[in-house]
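# Analysis of the macromolecular model
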Amino acid sequence: MAESSMRFTDGEAYERFMGRWSRAVGALFLDWVAPPVNADWLDVGCGTGAFTELLLDACAPHSVIAVDPSPEQIVHARSLPVAAKADFRVADAQALPFPDRSFDVVASALVINFIPDRPRGLSEMRRVARPGGVVAGYVWDFAGRRTPNTILGLTARRMGVEVMQAPGTADSTLERLAALFGEAGFTGVESRAFEVTCDYVNFDDYWDAQTPSFNPLTHALNALSERDRAAVKEKTRAAVPARSDGSISVSATANAVKGRVS
Ligand SMILES: C[S@@+](CC[C@H](N)C(=O)[O-])C[C@H]1O[C@@H](n2cnc3c(N)ncnc32)[C@H](O)[C@@H]1O
């Protein structure tokens, strides 16, 4: 199946789409990585800084640089209070603008699958990490169809909408992530899954959050007639049972990987 491309061009919409998810998985992930305190951090693919803020609150870093190739995401991050504590810059994982051995911890939250040349991106992360340092990341389990958007995507597909695979779907499994890290030369590679559940005040809250303008699925839905789009929405609503107050919960699985630089 063909893969979509996704450019994150709207920081505010990204926050509604993924901010709560990023925070939920990020907290579990940071516990698992167990990074040292007082470390120099690089957050690769920081987006609007949701994970950056978490690591600042949880890990007592010495310094944090956070990079993302999307100027829109960086502009948004710089407008938030987190910008007082982290240095947000536009940069791509495949060409990190830092000298060798600059960081103790290099982390990437929900990013690895989006890097077009993943071996090159991981080799760059390894280059800029210090000996003894840790490089770690997590992605949605796209291959296992366990993402926050899966219910919507599967419903749309069953109703004949052409829904393309997310970029890097084949590399989103625990096995492939561990293999990529091993091939990039990391030692002590470990991987594990985290299951998370997020709440929405009602179904419309979920629908609005999950159909931002930059999501290729949103474009496919917008190409439908109003009647067909409404039908997809109602089928999706039926697939996510609401509580008596109208709120809903959605669960997803993130696959994480970490390795050391020797
Ligand atoms: C799902 S968002 C995750 C953002 C943030 N880390 C979080 O947890 O909320 C994926 C991010 O990866 C970034 N990205 C895509 N390709 C990248 C690349 N080649 N190098 C670094 N980041 C990239 C996107 O611009 C986007 O902000």
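Fair warning: this is a prediction, and the values are worked out from it, not measured in the lab. Going along each chain's sequence as written, the residues are numbered from 1 onward. For a predicted model such as this one, the threshold for reporting local features is a pLDDT of at least 70, and the threshold for listing and counting side-chain atom pairs is 80 or more; totals across whole chains, interfaces and linings nevertheless cover every residue. Hydrogens are left out, water is left out, and the side-chain values use all remaining heavy atoms of the structure.

Right, let's get into the site of the ligand. Only a single heavy atom is needed: when it lies within 4 Å of a molecule or strand, its residue is near that molecule or strand. In the region of the ligand, 20 residues are neighbours, and Tyr14, Ser22, Gly45, Asp68 and Ala109 sit closest. Serine 22 has a polar side-chain atom sitting 2.5 Å from an oxygen atom of the ligand. Polar contact is the term for a pair of N or O atoms within 3.5 Å; when the atoms are in protein, one must be able to donate a hydrogen and the other to accept it, and sequence-neighboring residues count only if both atoms are side-chain atoms. One nitrogen or oxygen atom from the side chain of aspartate 92 is found 3.0 Å from a nitrogen atom belonging to the ligand. Taken together, the residues of the shell around the ligand sort by class into twelve nonpolar, six polar and two charged. Three classes are used, and their members are as follows: Ala, Val, Leu, Ile, Met, Phe, Trp, Tyr, Cys and Pro are nonpolar, Asp, Glu, Lys and Arg are charged, and the others, Gly among them, are polar.

Here the focus is the packing of aromatic side chains. Any two of the Phe, Tyr and Trp rings considered here, Trp counted by its six-membered ring, make a pair once their centres fall within 6.5 Å; the pair's planes then place it as stacked at under 30 degrees, edge-to-face at over 60, or tilted in between. Considering all chains together, one arrives at 16 aromatic pairs under this definition. Their ring planes at 80° and their centres at 5.1 Å tell us that tyrosine 200 and tyrosine 206 sit as a pair that is edge-to-face. Working definition: with a 1.4 Å probe on protein chains only, accessible area under 20% of the residue-type maximum means buried, over 50% means exposed, and in between means partly exposed. The buried category is assigned to tyrosine 206, whose relative accessible area is 0%. Counting every residue linked through ring pairs, the aromatic cluster contains Phe8, Tyr14, Phe17, Phe114 and Phe214. A cation over a ring is seen here: lysine 258 above tryptophan 32, with NZ or CZ 4.4 Å from the ring centre. Lysine NZ or arginine CZ positioned within 6 Å of the ring centre and within 35 degrees of the ring normal marks a charge as sitting over the ring.

Summarising the element assignment, alanine 231 is placed in helix H9 (residues 226-239). Given the relative accessible area of 29%, alanine 231 is considered partly exposed. Between the C-alpha atoms of alanine 231 and threonine 155, which are 76 residues apart in sequence, the distance is 9.9 Å. Each helix corresponds to a stretch of at least 4 residues labelled H or I by DSSP, and each strand to a stretch of at least 2 residues labelled E; elements are numbered beginning at the N terminus.

A carboxyl oxygen of Asp or Glu within 4 Å of a side-chain nitrogen of Lys or Arg is what we treat as a salt bridge. Taken as a whole and judged by the stated rule, the model has 15 salt bridges. Residue arginine 20 is joined to aspartate 205 by a salt bridge in which the shortest nitrogen-to-oxygen separation is 3.9 Å. Pair noted here: arginine 20 is in helix H1 (residues 11-33) and aspartate 205 is in helix H7 (residues 203-210), with a separation of 185 residues, a long-range link. For arginine 20, a relative accessible area of 25% gives the class partly exposed. Here arginine 176 ties to aspartate 171 by a salt bridge, and the two come within 2.8 Å at their closest N and O atoms. Each of Asp204, Lys233, Glu234 and Arg237 takes part in one network of salt bridges that share partners.

Moving on: unusual backbone geometry. The backbone of asparagine 38 shows a phi angle near 60°, a positive value even though the residue is not glycine. Among the secondary structure elements, asparagine 38 is positioned in the loop between H1 and strand E1 (40-44). Phi is positive for leucine 110, which is not a glycine, with a value near 60°. One can find leucine 110 in the loop between strand E4 (103-109) and helix H4 (118-128).

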